[in-house]
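Structure at a glance
So you can see what is in the structure, the chains are spelled out below.
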Amino acid sequence: MEHIQDELNTVMEVMVSDVFIYLDLFVFSFIFTMLLSSALPSLALSILFFFGCYSLFACVYFYIFNRKEKKIKL
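An account of the accompanying structure is given in this report. Note that this is a predicted model, so its numbers are computed, not measured.

How each quantity is defined
Residues numbered from 1 in each chain as written. Predicted model: local features only at pLDDT ≥ 70, side-chain atom pairs only at ≥ 80, totals over all residues. Heavy atoms only, no water. Helix = DSSP H or I, 4+ residues; strand = E, 2+ residues; numbered from the N terminus. Rg over C-alpha atoms; globule rule 2.2 N^0.38 Å. Buried < 20%, exposed > 50% of the residue type's maximum accessible area, 1.4 Å probe, protein only. Areas by Shrake-Rupley, 256 points an atom, 1.4 Å probe, with all protein chains shown as cover. Patch = residues over 30% accessible without salt bridge, like charges linked within 9 Å, V, L, I, M, F, W, Y side chains within 5 Å. Salt bridge = Lys/Arg side-chain N within 4 Å of Asp/Glu carboxyl O. Contact = heavy atoms within 4.5 Å.

Let us now look at the overall build of the chain. When helices and strands are counted, the chain shows three helices and zero strands. Reading the secondary structure of the chain in the N-to-C direction produces α-α-α. The C-alpha atoms of the chain give a radius of gyration of 17 Å, which is well past the 11 Å a tight globule of 74 residues would have. With the C-alpha coordinates of the chain rotated into their principal frame, the extents come out at 55 × 35 × 15 Å. For the chain, buried positions account for 14% of its 74 residues. For the chain, the exposed area adds up to about 6,400 Å²; of that, 74% sits on carbon and sulfur atoms.

Here it is, written out as structure tokens:
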């Protein structure tokens, strides 16, 4: 039972790590861009839309969790 708990703790640490979350945001931004690619008129606009989505999602994540960490530390 302790071995399973150690494995679950390792998985949880990876899933809440910043690198994993930013990679997840990258994948979701890519999927979102692909789904809207038919509505975007050019490849350059699609690339700009992708970077805009990724930046927006990353800023929202950073802002939300930065605020939570500050409240917890106080």
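Having seen it, we continue.
Moving on, we get to a nonpolar patch on the surface. Taken together, Leu-23, Phe-26, Val-27, Phe-28, Phe-30, Ile-31, Phe-32, Met-34, Leu-35 and Leu-36 make up a surface patch of nonpolar side chains, about 950 Å² in accessible area. Looking at the secondary structure, you find Leu-36 in the loop between α2 (18–35) and α3 (43–73).

This part covers the side chain of Ser-29. Counting through the fold element by element, Ser-29 comes out in helix α2. Other than its neighbours up to four places away in sequence, Ser-29 contacts Phe-50, Cys-53, Tyr-54 and Phe-57.

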